[in-house]
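Geometric and topological summary
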Amino acid sequence: MGFEGLADATVTLADLLDVSELNVGSVEQLLSADLTLLQLVDAVAGAVGEEEVVGLSALANLVALHLPNVELVLGDILGVTTDTIPLMAEINVPELLSTALLVASQGNAVALPGLNLSVPGVANIEAMLEVIEPPQIAIGPVGCIDDADPPCAGNWKTEARTAQLTLGLGANVNIPVLANLGVKLGVTAAGARAGIEDVDPADGGEWHKWDVEVSAEQYPLVSKLDLNLGVLSTSLPLLDPGLDGSGIPLLDEFLGSLGLAGSLLVNLLSAVGNLLGAVVGTLVTILEGILGLLASTNEYYKASTDEVCVEATALLGIIKRTRCEPAPKLTDDIGTGDQTIGWEPSLQDWISSFEAHASSSSMTPSSQRLEWPGQREASFTGSTEVALELGSLLSGIDLELQLFGANIPADGLLSPVLAVVQAVADEIVGSLAAGVIDPLLDELGVNISEAEVRVIHIDHRTGPPELL
C-alpha cells in the first residue's frame, strides 16, 4: 500500500480526539479503544487537510477491499510511558499508518501480492511477511532507567523500536537443459531500538531549543536459505554444441544473462564428450566383432528414438551395419537431485518452521547529539549488509552432499554441473537480497545496515523534558 501525496502530512492526538466518529472523550479512551485499520485511516482523513484527503481516500479503498476487519489498538502504536501526553505533538501520517498496518498484521504470515518483482533468470517470485513484533513510536520521559547517569547502555526510560519481522521469498529458476532450482530465502529482521539519553537547554538558555543525546543499537540479523534441485532427464547428445537442436546455446545465453562466465561450460562439455565417446566406443567394438576390420564409422544421434547410433563399413567397403543404444541421460550420471534439510514446498510452511542461522554481527551501541529542533534526525551505521549476509549463506551448505548425494563419482558430470548450479544459486541469492529483500525492508522501515532516529517533539511545559 502506498502513501502517495502524504509524505509531509502530520496529525496530532488532539486532532484525532476531535474526530466525532471515534466516539472517544479522552486521550486514555483514544489509546485504549479497539479500532479497525479502516476506522483509523478514516479518522486520520478527518483530521488532516483537504490536499491529503485524496491520498487517504485511495488508501481507505484499498484497506476496505483487502483488510476490512483488521483490528488494532492505538496504544500499541504509540508506546506511552508518561502521565502527561503532548496533545499537540505532530505525528507523521505515513509513519503512523505504516506502523498501524504492521501492528494489525502481527502474528500472521501474509502474502505480498502485486510487487512486480523482476530478477534476471528467476520466475514466479513470491513474497510473504510475518510480523513478530510491530514497530512503536515512543512517548515518555528521557534518561536512563532508575535515573542512572548516562550512558544508559540500552536501558532507557522510553524506547522506540522498528519492526521485528520475518520476510521470506520463494523463487523458481530454470537452468536450461540442466535443472530446475527452487530457492527459499528469508530474514528475521529485528531492526533497531533507540532512546534519549539526556536533554539539556541549548546554549543561550532558549527553552524551545535543546541539546539532545540520542542513542541506538541494532539487533542481529537472522537469515536462512534452502534449495531444491530437480535434475532434468536431458539426453546427453543434446549437450553437444555441434548437434542441431543442442541446448547448449540456451544454457550459454542464460548464464550470460546472469553475468556468469562462459568458461563454466568448458568442463561440462568435456565431461559430456567423454561419456558420449565411451558409448560410441562400445558400439564400435560391437560392430568390429560383427564386421571385422572397419573401413569407416559414422556416429549420430537419432532423435526420433532418442538413441546414439554408429554406422560402420567393413574394410572391403561392401557390408554396412548400424548399431544403436539408448542415449544416456543426465540423470543416469548424477541422479535426479535433492533438497536441503529445511526445505518446505510451501513458503508459508517454510516461514513457520524458520530455524535460522543467527548472524554474529550487529550494530555497536552509540550516541549522537542533536541541536533540536534544527536537527531532528540521527543516523547510526551498522556493520551488517543484507546482501553480503545472505550471500554468505550459500557457503554454509554442502551442495554436493545435500543436493546430489554421497555416492556419485566426481569424475563424471557431477563436478561441472555442481559448478554451474553453485554459480547460478550464488548469483540468484545475491540478486534477491539486493533487489528484493533490501528494498522491501526499507519500505517496512527496517534498515539492517542503518538506523535513523527522529525526535519528533520535546515537551517541557509540564515538568522535566519528555520526548515523542
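Predicted, not measured: the structure shown is a model, and the values here were computed from it.

Moving on, we get to the overall build of the protein. When helices and strands are tallied, the protein shows 13 helices and 23 strands. Sequence-distant contacts, at least 24 apart, represent 73% of the contacts inside the protein between residues at least 6 apart.

In this section: the nonpolar core. Core analysis: the largest hydrophobic core is formed by 79 residues, its most contacted members being F404 and V424. Residue contributions to this core peak at 17 residues, all from helix α13 (residues 410–443). Excluding residues within four positions of it along the chain, V424 makes contact with V173, I175, F254, L255, L258 and L260. Ranked by size, the runner-up nonpolar core spans 39 residues in total, among them L16, L30, L56 and L74.

To continue, consider unusual backbone geometry. A cis amide bond links P150 with the next residue in sequence, P151, at an omega value of 0°. Tracing the sequence through the fold places P151 in the loop between β8 (137–141) and β9 (160–161). Residue D147 is not a glycine yet carries a positive backbone phi of 60°. In this structure, D147 sits in the loop between β8 and β9. Of note in the backbone geometry, V177 takes a positive phi value of approximately 60° without being a glycine. Among the structural elements, V177 can be located in the loop between β10 (164–175) and β11 (179–189). For V177, a relative accessible area of 16% translates into the label buried.

With that out of the way, let us pick up the sheet that holds strand β17 (residues 320–326). Spatially, 3 strands are ordered β15-β16-β17 in an open sheet, and the strand pairing comes out antiparallel. Taken across any chain shown, the strands that pair with only one partner, and hence form the sheet edges, are β15 (294–302) and β17. For this sheet, the mean angle separating the axes of adjacent strands, direction not counted, is 20°. In terms of strand pairing, strand β16 (residues 307–314) meets β17 through 7 bridges, oriented antiparallel. Following the sheet pairing, E307 is matched in β17 by P326. Against the sheet, helix α8 (residues 264–291) engages β15, β16 and β17, with an angle of about 35° to β16.

In total, this model carries 6 salt bridges according to the counting rule given. One salt bridge connects D147 with K157, and the closest N-O pair in it is separated by 2.3 Å. Of this pair, D147 sits in the loop between β8 and β9 while K157 sits in the loop between β8 and β9, and the two are 10 residues apart along the sequence. Residue class for K157 comes out partly exposed when judged on its relative accessible area of 31%. A salt bridge links K329 to D306, with the shortest nitrogen-to-oxygen separation between them at 2.3 Å. Placement of the pair is K329 in the loop between β17 and α9 (330–334) and D306 in the loop between β15 and β16, with a sequence separation of 23 residues. Owing to a relative accessible area of 23%, K329 belongs among the partly exposed residues under this scheme. Connected through shared salt-bridge partners, D200, E213 and R369 make up one network.

Thresholds, definitions, all that
Residues numbered from 1 in each chain as written. Predicted model: local features only at pLDDT ≥ 70, side-chain atom pairs only at ≥ 80, totals over all residues. Heavy atoms only, no water. Helix = DSSP H or I, 4+ residues; strand = E, 2+ residues; numbered from the N terminus. Contact = heavy atoms within 4.5 Å. Core = buried A, V, L, I, M, F, W, Y, C linked by side-chain atoms within 4.5 Å. Buried < 20%, exposed > 50% of the residue type's maximum accessible area, 1.4 Å probe, protein only. Pairing = 2+ DSSP bridges. Axes fitted to C-alpha atoms, helices over the stretch in contact; angles between N-to-C directions. Salt bridge = Lys/Arg side-chain N within 4 Å of Asp/Glu carboxyl O.

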